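Structural overview
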Amino acid sequence: MANLIEVKKLSAGYDGVTAFTDVSFTVEEGSALAVVGENGSGKSTLIGCLLGLKKPDSGEIVMSGLERSDIGVLLQNAAPRGDFPATVREAALSGLINRKKGPFRFYSREDRATAENALSQLGIADLSDRHFSELSGGQRQRVLIARAVCAAKKLLVLDEPLAGLDPLIQSEFYEIIDRINSEGMTVIMVSHDVAMACAHADTILHVSGSGSFFGPAEDYKKTLMYAHMTGISHHVISQAPSLMRERGKTE
Amino acid sequence: MLSMFSYPFMQRALIVGLMVSVCAALLGVTLVLKRFSMIGDGLSHVGFGALSVGAAAGLAPMYIAAPAVLISAVLLLRLSRLEERGRVSGDAATAVLSSTALAIGVIAASLGKLNVDVNSYMFGSVLAVSASDAVICVVICSAVLILYLLFYNTIFAVTFDETFAAAGGMKTGLVSTAMAAVTALTVVVGMRLMGTLLISALIVFPAISAMKICRSWRGTVICSVSLAAAGFIAGLISAFAFSLPTGPAVVAADAVIYGVCSAADRIRR
C-alpha cells in the first residue's frame, strides 16, 4: 500500500518549549496508527502540525495523493460549546463543508444522505432531529465523530476521542472505529490508553521528548516505553533486563 | 395607527430600521456565539467618535465614520482571535477603544461647537435619515442579506467549530474578517437612526432572545430575524405614539421581548 503521509525529522513545541524532536514516521493507506505518549509530550501538537494548524520548528511533512479536504478530524479541546443551537443533522452535515467546491457551499440531497449514513454508522440515526445541547457527553462525541466521518474522504484523525467516556462506551467506540478502518479508511488516533491502542492499531507512534518509537504494535509491546506506559515498569525492569536494550530500537 | 407611515420620514425610518435590524440579527447569532458581542459595542462607540470628529471638522460625517468603524472592526476581531490563544486581553482592548473613541467624540463636539445635537448622534433620530441615506442603506443591507444566504453553510461551519473548518482547509480567518467588515457596515448604516450607543443592542438582543426559545441553527436564525423585526416595529410605533426617542424605544422593546423569551424558556424547563 502507498504511503499517504511521510513525516521526516519533525520537531515542534508549544509556548516556546520544545515538545519533541526528530520524529519520523509514515502513514500507510488503509492502516490504523495510534499516537501515544505521556501528557504534555506533544501528541496534539503533532496532530496540529499534520493538519497544517501549527507550524513545526523543523522537519518535513509530505502528503501524497492526500488533500487537506480529504481529512476528517475530531480535535481535543476544540469541541463546540455545549449550548450551541444546532440539530444533530446540522452538526453532522457541516462535516461536508470542505468537500464542497466553489465559494457557495450548498448541500445536495446526496450530501444529506452521506450525513445520515455517518450518523447510522455511529448508531445515532435516531437522534438526527435532536438538539446538540440536549445530548449526553457520549452522544455528543458520537455526533462529532460522525461529522469527522462525513469530512473524511481518505483519512480520519481522532485526538483523544474517548477522553472522559466510561469504559463500556469506550469499547463500543473502538469497535466502530475498527469497522470504519476495515472498510478502507486510514485512521490516526491519539490515545492515552496504550493497551487499547496496541490492541486496535497496526502501528504505534510513541512521542516523547527523549526519543520516539515508530513501528508495529507487536514490537512496541516489547519496549520499555510500553512497560512504562502501562505501569508495569518496575516489574519488567527487575524481571527482564533484556527489554532495556529495546530502547536502542527507537528512532 | 397606519397614518403615522404617511410621513416620508417615518417611511424611511421603517425601511432603514427593518433592514438594519434584520442584518444585525443575522450577524448577531454568530457574534454572540463566538463571544464577540462586545465588538458591536466597541464599533458603535467608534462610530460616535468618528461622526463627531467629522462634523466638527466640517466633513461629511459618514465618510469619516465608515472607514473608521471598518478598520476598528477588523482590528477588534484580530485582538479577539489573539485572545483565544491567550496572548492579549481582547475585552480590555475593546473597553479602552470604546471609551477613548467616546472621549474624542465628546471633545470634538465641544471644541467644534456643533450645530447637530450630540444627543441625536448618541441615541439616534428618525429625522436624521435622509432619502439618500435610505437608498444607501437598502443597497448595503440587501447585499448583506444575499451574502448571508449564499454563505449560510460556511457561516454555520465557522460559528459551530472554526478549528474543524480550518483543519479541512477553509480560510476561516478570511471568513471572520469578512463577517467583521459586514458587521461594521451594518453598524454604520444603522447608527444615525438607532443612535451610536444603542445600535449594538440590535446585534445582541435578537440573537440571545432567539437562543432562549430555539435549539436548532436554522430555527435560531429565523427566530432572531423575526424577533428583530417585531422589536423594531413595536419600538417605532411606541416611539411615535408616545413621542419617545426611536432608538431607546426599540431597545426597550427588544428588552421586553428578551424577558418574554427567558420566561418561556423557564416555564418549558
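No experiment lies behind these values; they were computed from the predicted model shown. Chains are numbered independently. Their residues run from 1 in the order of the written sequence. Starting at A for chains and at 1 for ligands, labels are handed out in the order in which the entities are written. Local features in this predicted model are restricted to residues of pLDDT 70 or higher, and side-chain atom pairs are both shown and tallied only at a pLDDT of 80 or more, whereas totals for entire chains, interfaces and linings draw on every residue. Excluded from the side-chain calculations are hydrogens and water; all other atoms, namely the structure's heavy atoms, are used.

**Observations regarding the confidence of the model for chain B**
For every residue, the pLDDT score states the predictor's confidence, bounded by 0 at the bottom and 100 at the top. Here chain B averages 89 in pLDDT, and 96% of its residues register 70 or above. As scored by the predictor, the complex reaches a pTM of 0.89 and an ipTM of 0.86.

**As for the interface of chain A and chain B**
Contacts: residue pairs with any heavy atoms within 4.5 Å of one another. Contacts between chain A and chain B engage 31 residues on the former and 29 residues on the latter. Taken over both partners, the interface formed by chain A and chain B buries close to 2600 Å², and the fraction arising from carbon and sulfur atoms is 65%. Each of two parts loses accessible area, computed with a 1.4 Å probe, when they are put together; buried area is these two losses added. For the chain A face of the interface with chain B, the top three residues by lost area are A:Arg81, A:Phe84 and A:Pro85, together amounting to 24%. Note that B:Asp161 and A:Arg147 form a salt bridge whose closest N and O atoms lie 2.8 Å from each other. Here a polar contact is taken to be a pair of N or O atoms separated by no more than 3.5 Å, where protein atoms must pair a possible hydrogen donor with a possible acceptor and residues adjacent in sequence count only if both atoms sit in side chains. Summed over the shared surface of chain A and chain B, the result is nine residue pairs in polar contact (both at pLDDT 80 or more). Numbered from the N terminus, helices here are DSSP runs of H or I no shorter than four residues, and strands are runs of E no shorter than two. Of all the elements in the fold, those that place two or more residues in the side of chain A that touches chain B are helix 2 (88-93) and helix 4 (137-151) of chain A. The salt bridge criterion pairs a side-chain nitrogen of Lys or Arg with a carboxyl oxygen of Asp or Glu, the two atoms within 4 Å.

**Notes on the side chain of B:Ser44**
One can find B:Ser44 in helix 2 (residues 37-56). Setting aside chain neighbours within four positions, we find B:Ser44 in contact with B:Val187, B:Thr196, B:Leu197, B:Ile199 and B:Ser200.

**Observations concerning the sheet that holds strand 4 (residues 58-63) of chain A**
Residues and elements named next belong to chain A. Read from one edge of the open sheet, three strands run 2-1-4, paired in antiparallel fashion. Two strands close off the open sheet at either side, each with one partner strand: strand 2 (17-28) and strand 4. Put simply, the sheet's adjacent strands are angled 15° from each other on average, direction ignored. Pairing between strand 1 (residues 3-14) and strand 4: five bridges, direction antiparallel. The residue of strand 4 that forms the bridge with Glu6 is Val62. Here helix 1 (residues 43-50) sits on the sheet and contacts strand 1, strand 2 and strand 4; the angle it forms with strand 1, its principal contact strand, is near 125°. Here a strand pair is declared whenever DSSP counts at least two bridges between the two strands. Axis definition: a line fitted to C-alpha atoms, over the contacting stretch in the case of helices. Angles run 0 to 180 degrees between N-to-C directions.

**Focus: the packing of aromatic side chains**
In this analysis, rings of Phe, Tyr and Trp, with Trp reduced to its six-membered ring, are considered paired at centre separations within 6.5 Å, and the interplanar angle assigns stacked below 30 degrees, edge-to-face beyond 60, and tilted for intermediate values. All told, the structure shown has 13 aromatic pairs over all chains when counted by the stated rule. Ring geometry for B:Tyr7 against B:Phe9: centres 5.6 Å apart, planes inclined by 35°, an arrangement best described as tilted. Seen from their ring centres, B:Phe156 and B:Phe160 are 5.2 Å apart, and the 15° between their planes marks the pair as stacked. On the criterion of helical spacing, the pair formed by B:Phe156 and B:Phe160 is a turn pair, its members being four residues apart in helix 7 (residues 152-160). Relative accessibility under 20% of the residue-type maximum defines a buried residue, over 50% an exposed one, and the middle range a partly exposed one, all with a 1.4 Å probe and only protein chains included. Assessed through its relative accessible area of 5%, B:Phe156 is described here as buried. Through a chain of ring-to-ring contacts, three or more aromatic side chains come together here, namely A:Phe84, A:Phe132, B:Phe156, B:Phe160 and B:Trp217. Two conditions define a charge sitting above a ring: the NZ of Lys or the CZ of Arg must be within 6 Å of the ring centre, and it must be within 35 degrees of the ring normal. Looking at A:Arg140, its charged tip hangs above the ring of A:Phe132, at a distance of 5.4 Å from the centre.

**Notes on the nonpolar core**
Counting 100 residues, the largest nonpolar core has A:Phe84, A:Leu122, A:Leu156, B:Val20, B:Leu43, B:Phe160 and B:Trp217 as the members making the most contacts within it. Broken down by element, the residue count for this core peaks at 13 residues, all from helix 1 (residues 8-33) of chain B. Those residues in contact with A:Leu156 that sit more than four places away from it in its chain are A:Gly72, A:Ala148, A:Val149, A:Ile180, A:Met185, A:Thr186, A:Val187 and A:Ile188. In terms of nonpolar packing, the next biggest core, distinct from the first, is built from 32 residues, A:Ala12, A:Ile47, A:Val73 and A:Val207 among them. Residues belong to one nonpolar core when they are buried, are Ala, Val, Leu, Ile, Met, Phe, Trp, Tyr or Cys, and are joined through side-chain atoms within 4.5 Å.

**A look at the pairing of strand 7 (residues 186-190) of chain A**
Working note: regular strand, side chains alternate between the two faces of the sheet. Residue and element names in this part refer to chain A. In terms of burial, strand 7 is a largely internal element, five of the five residues being buried. Both faces of strand 7 are covered, namely the face carrying Thr186, Ile188 and Val190 and the face carrying Val187 and Met189. Note that strand 3 (residues 32-36) and strand 7 share four bridges and pair parallel. For Ala34, the partnering residue across the bridge sits in strand 7 and is Met189. Between strand 6 (residues 155-159) and its parallel partner strand 7, the chain crosses via helix 5 (residues 167-182), and the hand of that crossover is right-handed. Crossovers are described as right-handed under a simple rule: with the strands pointing away from the observer, the path leading from the first strand over the helix to the second runs clockwise.

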